[in-house]
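Spelled out from the first residue to the last, the chains are:
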Amino acid sequence: MSDPEASTSESKPVVVYIVPTRIQKKRLKDIKSAARRKKLSVVESFCPKVTHIVSELDNRYKVARKLKIVDYSILKGIELLRLTWFTACIKKAEILPVEDEHRIPEPPPEAESAPPIESLPQITTTEWACQRATPLRHFNEIFCNALEVLQMKAEFIDSGQDHLRSLAFRRASCVLKSLPFMITNVKQVKGQKDIGGHSRQVIKEILAEGFATEVEETLKDPWFQKVKIFSTIFGVGPATAKIWVEQGVNTVAEALVKCERKNWMVQWGLAFHDDLKEQVQLIEAENLTAVIKAEAERILPGVIVTLTGGFRRGKSAGHDVDLLFSHPEEGKEVNFLPKLLTQLEQRSLILCGKLEKSSYGDRVLSRDYNTKGHMDHYEKWIGLMKLPKRFCHEKINPSEYRFLMSNNAPVRGIETCTADDYEPHSKKQRLCEGEPTPLSFATAPRTWIARRVDLVIAPYSMYHYALLGWTGSKQFNRDIRLYSQKTLNQKLTSHGLWNFEQNKKLPAASEEEIFQHLNLSYLKPSDRNC
Ligand code: CTP
Ligand code: MN
Ligand code: MN
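Treat the numbers as computed from the prediction; the structure is a model and nothing was measured. Throughout, residues of each chain are indexed from 1 in the direction in which the sequence is written. For this description, chains carry letters from A and ligands carry numbers from 1, given in the order in which they are written. Local features in this predicted model are restricted to residues whose pLDDT is 70 or higher, and side-chain atom pairs enter the listing and the counts only when it is 80 or higher, whereas totals over whole chains, interfaces and linings include all residues. As a convention, hydrogens and water are excluded, and side-chain values are obtained from all of the structure's heavy atoms.

### A few points about the overall build of the protein
Thought 1: Helical segments are the DSSP runs of H or I of at least four residues, strand segments are the runs of E of at least two, and each set is numbered from the N terminus. When you go through the protein residue by residue, the secondary structure sums to 22 helices and 14 strands.
Thought 2: Contact definition: two residues touch when any of their heavy atoms are within 4.5 Å. Across the protein, every contact between residues at least 6 apart in sequence was considered, and the portion connecting residues at least 24 apart equals 74%.
Thought 3: With an accessible surface of roughly 26100 Å², the protein has 52% of that area assigned to carbon and sulfur atoms. Residue burial considers only the protein chains on display, and all accessible areas are found by Shrake-Rupley using a 1.4 Å probe.

This is the structure we're talking about:
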């Protein structure tokens, strides 16, 4: 029963999943991008939305096994088709009727037998997320995306209070992210400590309907939409976002006019929101890192510059660029950041920002025994940089780039520059009456876009703890810190690990060593995507 329409018999929109097996990587990539160009919907992982599975495998059991499907009923209503069908669709830029010749056949009866249906893969998971790998791409995106909408909603509603409700959704999502198969039956999650009744209900509904009502309604809710947009503005958190919505602010443009008493971050954040709302792409982050690294190396030879945050975990885009600096010779990092900033300013790469001095002391490590505060005490700069538009589409060679910059010479007086001397031009401009406003910068013709950047300095003795903390994810940090406290009576932060039994800090010369201190198997950054 072939269906000539661009939808299945229940007239769901056509969503195609391509089984990557036996298709060359390059070819697969080309097919996917061609499909997207032709507006055909292809998803990256198999999920309940999928209506058509296409594959080069020669029988249906092989496909099912590849998808780790044991319960065949999940394939009911899904077409299993040869890749040739889909390439023909792409050629015609439309979904073509399915003929029998397109269908992947059953295996010959003697060759294979179907795996028994009663053996649904069961969840065997660890108590803590830091005890298992959580990859970026996984089999349960449709459930996790839904649960994380509810996490966000709870976070907005409870902002300022404790986050137990929102974190419950996140923990459930994290268990699903770490599974090597897709959930196909809600029975599989029953009895899972981290997957509570509410989350289970969401999973059940998605399995039955393809969506969860509460999630759909949340996404459509104007209050949710506004708080979500406002809380992505630089300098605005959910608490402020909620106040704005209560005051009747509807759009970012309105906030720009209406909202009083904006701090510097919010002023710049609003003015440059059109730039900042677009995700920073990996190539931009890599180019910026390369150029900053070249400048850093001139100021402090041997400096370590590491791109951390989501990019280090393998993400291809993110909301900002997180750079961690250190130097193998402890002490060399002192006064480096103001010098670097002065130099970057000279290169016209700084838009605005704030330099925070280090507030670290060993008391920080042993006292304040709570894992709630995620702020660390490193010297850091938080701000907006000007990313030349070229950085968005071509790989930049920093040595060539230097010639293109406004001034090639090192800045005079930089050798003696300290945090107290450093004051960005933009900051001065902001303070003077009659000087250009952030908005006038934003609306003037320009060859750059604004990007959020965090620059962090760690003394080398704390570097690997800083690296672990700044790599994240936020949820991974929450989990591993709570694990350390509850199971080991040790306090882990971005500054170090304090052992309360021995009343001393435990040094580490690598991230691996930190995992060893904590009795954990090492997880590479790409497995910390909780
Ligand atoms: N972090 C931190 N202290 C801060 C800010 C951030 O330790 N004051 C940590 C966060 O816990 C996170 C990492 O640094 O693990 C990066 O933070 P952030 O840029 O907010 O998150 P990303 O995971 O990089 O997300 P995105 O890709 O959207 O930038
Ligand atoms: Mn980041
Ligand atoms: Mn950041």
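### Overview of the coordination of the manganese ion (ligand 3)
Thought 1: Metal sites are built from N, O and S donor atoms within 2.8 Å, or 3.2 Å for Na, K and Ca, and they leave out water, so they may look incomplete. For the manganese ion (ligand 3), the protein coordination sphere consists of Asp 320 (OD), Asp 322 (OD) and Asp 454 (OD), at 2.0 to 2.3 Å.
Thought 2: Among the residues examined, Asp 322 registers a relative accessible area of 8% and is labelled buried. Exposure categories follow from relative accessible area, calculated using a 1.4 Å probe and restricted to protein chains: below 20% of the type maximum is buried, above 50% is exposed, and the middle band is partly exposed.

### Focus: the environment of Glu 284
Thought 1: With respect to the helices, strands and loops of the structure, Glu 284 is situated in helix 13 (residues 282–299).
Thought 2: Taking relative accessible area as the criterion, Glu 284 reaches 5% and is therefore assigned buried.
Thought 3: Here Glu 284 is in contact with Gln 279, Leu 387, Phe 391, Cys 392, Ile 449 and Arg 451, once residues within four sequence places are set aside.

### Concerning unusual backbone geometry
Thought 1: Cis rather than trans, the peptide bond between Gly 472 and Ser 473 has omega equal to 0 degrees.
Thought 2: On the secondary structure map, Ser 473 appears in the loop between helix 20 (463–471) and helix 21 (474–488).
Thought 3: In the Ramachandran plot, Asn 503 falls in the positive-phi region, its phi being about 50 degrees despite a non-glycine side chain.
Thought 4: Among the structural elements, Asn 503 can be located in the loop between strand 13 (497–499) and strand 14 (504–505).
Thought 5: By relative accessible area, Asn 503 is classed as exposed at 54%.

### Observations regarding the packing of aromatic side chains
Thought 1: Here a pair means two rings of Phe, Tyr or Trp (six-membered ring of Trp) with centres within 6.5 Å. Their orientation is stacked below 30 degrees between planes, edge-to-face above 60, and tilted elsewhere. Within the structure shown, the criterion is met by 13 aromatic pairs.
Thought 2: Judged by centre distance (5.5 Å) and plane angle (70 degrees), the ring pair of Phe 230 and Trp 244 falls under edge-to-face. You can see Phe 230 sitting in helix 8 (residues 222–231) and its partner Trp 244 sitting in helix 9 (residues 238–246), a full 14 residues away along the chain.
Thought 3: By relative accessible area, which is 1% here, Phe 230 ends up buried.
Thought 4: Residue class for Trp 244 comes out buried when judged on its relative accessible area of 6%.

### Regarding the pattern of salt bridges
Thought 1: By definition, a salt bridge exists where a carboxyl oxygen of Asp or Glu is found within 4 Å of a side-chain nitrogen of Lys or Arg. Applying the stated criterion across every chain yields a total of 30 salt bridges.
Thought 2: Of the charged contacts in the structure, one is a salt bridge between Arg 137 and Glu 141, with a shortest N-O distance of 2.9 Å.
Thought 3: Here Glu 141 falls in the buried class, since its relative accessible area comes to 16%.
Thought 4: Put simply, Glu 286 and Lys 395 hold a salt bridge, and the shortest N to O gap is 2.9 Å.

### Section: the packing of helix 4 (residues 141–157) against helix 7 (residues 213–220)
Thought 1: A fitted line through C-alpha atoms represents every axis, and for helices the fit uses only the stretch in contact; the resulting angles, taken between N-to-C directions, go from 0 to 180 degrees. Relative orientation of the contacting elements helix 4 and helix 7 amounts to 55 degrees, with a least axis distance of 9 Å. It follows from the interaxial angle that helix 4 and helix 7 lie oblique. Crossing handedness for the pair helix 4 and helix 7: left-handed. Taken together, the residues of helix 7 that come into contact with helix 4 (itself represented by Ala 146, Val 149, Leu 150 and Lys 153) are Glu 214, Val 215, Thr 218 and Leu 219.
Thought 2: Under the grouping applied here, Gly and all other residues not named as nonpolar or charged are polar, the nonpolar ones being Ala, Val, Leu, Ile, Met, Phe, Trp, Tyr, Cys and Pro and the charged ones Asp, Glu, Lys and Arg. Considering only residue class, the contact of helix 4 with helix 7 consists of 5 nonpolar, 1 polar and 2 charged. Any angle that is under 35 degrees is reported as roughly parallel, and any over 145 degrees as roughly antiparallel; angles of 65 to 115 degrees are reported as roughly perpendicular and all others as oblique. The crossing is said to be left-handed when, going from far helix to near helix, the turn is anticlockwise and less than a right angle, and right-handed when the turn is clockwise.

### Considering the sheet that holds strand 12 (residues 490–492)
Thought 1: Strand order in the open sheet made by the 3 strands is 12-13-14, with antiparallel pairing throughout. Edge positions in the open sheet fall to strand 12 and strand 14, since each of these has one partner strand only.
Thought 2: Across 3 bridges, the pairing between strand 12 and strand 13 is antiparallel. Along strand 13, the bridge assignment pairs Gln 490 with Asn 499. One bridge is not enough; two strands pair if DSSP finds at least two bridges between them.

### Brief notes about the coordination of the manganese ion (ligand 2)
Thought 1: At 2.0 to 2.1 Å from the manganese ion (ligand 2) lie its protein donor atoms, namely Asp 320 (OD) and Asp 322 (OD).
Thought 2: Separating the manganese ion (ligand 2) from the manganese ion (ligand 3) is a gap of 3.6 Å, which Asp 320 spans by donating to each of them. Comparing Asp 320 with Asp 322 shows no difference in burial state: the two are buried.

### Quick look at the confidence of the model for the protein
Thought 1: Residues at a pLDDT of 70 or more form 88% of the protein, whose mean pLDDT is 88.
Thought 2: Confidence over residues 1–9 falls short of pLDDT 50; this stretch has 19 contacts with residues more than four positions distant or in other chains.
Thought 3: For every residue, the predictor assigns a confidence score, pLDDT, that lies between 0 and 100. The low-confidence segment residues 428–432, where pLDDT is below 50, has 7 contacts with residues more than four positions distant or belonging to other chains.

### Some words on the pairing of strand 8 (residues 321–326)
Thought 1: Within strand 8, 6 of the 6 residues are buried, which leaves the element mostly enclosed by the surrounding structure.
Thought 2: Looking at chain direction, strand 6 (residues 304–307) and strand 8 are connected through 4 bridges and run antiparallel. Opposite Ile 304, over in strand 8, you have Ser 326 as the bridge partner.
Thought 3: The sheet contact formed by strand 8 and strand 11 (residues 448–457) spans 5 bridges and is parallel. Residue pairing across strands places Leu 323 opposite Leu 455, the latter belonging to strand 11.

### Observations concerning the site of ligand 1
Thought 1: Not every one of the 18 residues close to ligand 1 is listed here, only the nearest: Gly 310, Lys 315, His 319, Asp 320 and Lys 474.
Thought 2: Take Gly 472: an N or O atom from its main chain is 3.4 Å from an oxygen atom of ligand 1.
Thought 3: Of all the secondary-structure elements, those providing two or more residues to the shell around ligand 1 are helix 14 (309–312), helix 20 and helix 21. Being near a molecule or strand, for a residue, means having at least one of its heavy atoms within 4 Å of it. Here a polar contact means two N or O atoms within 3.5 Å. Within protein one must be a hydrogen donor candidate and the other an acceptor candidate, and residues neighboring in sequence count only if both atoms are side-chain atoms.

### Digging into the environment of Gly 496
Thought 1: With respect to the helices and strands, the residue Gly 496 is situated in the loop between strand 12 and strand 13.
Thought 2: Using a relative accessible area of 2% as the deciding quantity, one classes Gly 496 as buried.
Thought 3: As a C-alpha pair, Gly 496 and Leu 468 span 28 residues in sequence and 9.9 Å in three-dimensional space.
Thought 4: Those residues in contact with Gly 496, other than ones at most four positions away along the chain, are Leu 365, Tyr 465 and Lys 491.

### A short note on the sheet that holds strand 4 (residues 79–82)
Thought 1: Pairing in this open sheet of 4 strands is parallel, and the strands run 2-1-3-4 from one edge to the other. At either margin of the open sheet sits one strand with a lone partner, and together these are strand 2 (42–43) and strand 4.
Thought 2: When strand 3 (residues 52–55) meets strand 4, the two strands line up parallel, connected through 4 bridges. Bridge pairing links His 52 to Glu 79 in strand 4.
Thought 3: Across the sheet, helix 3 (residues 83–92) touches strand 1 (16–18), strand 2, strand 3 and strand 4, and the angle it forms with strand 4 is around 80 degrees.

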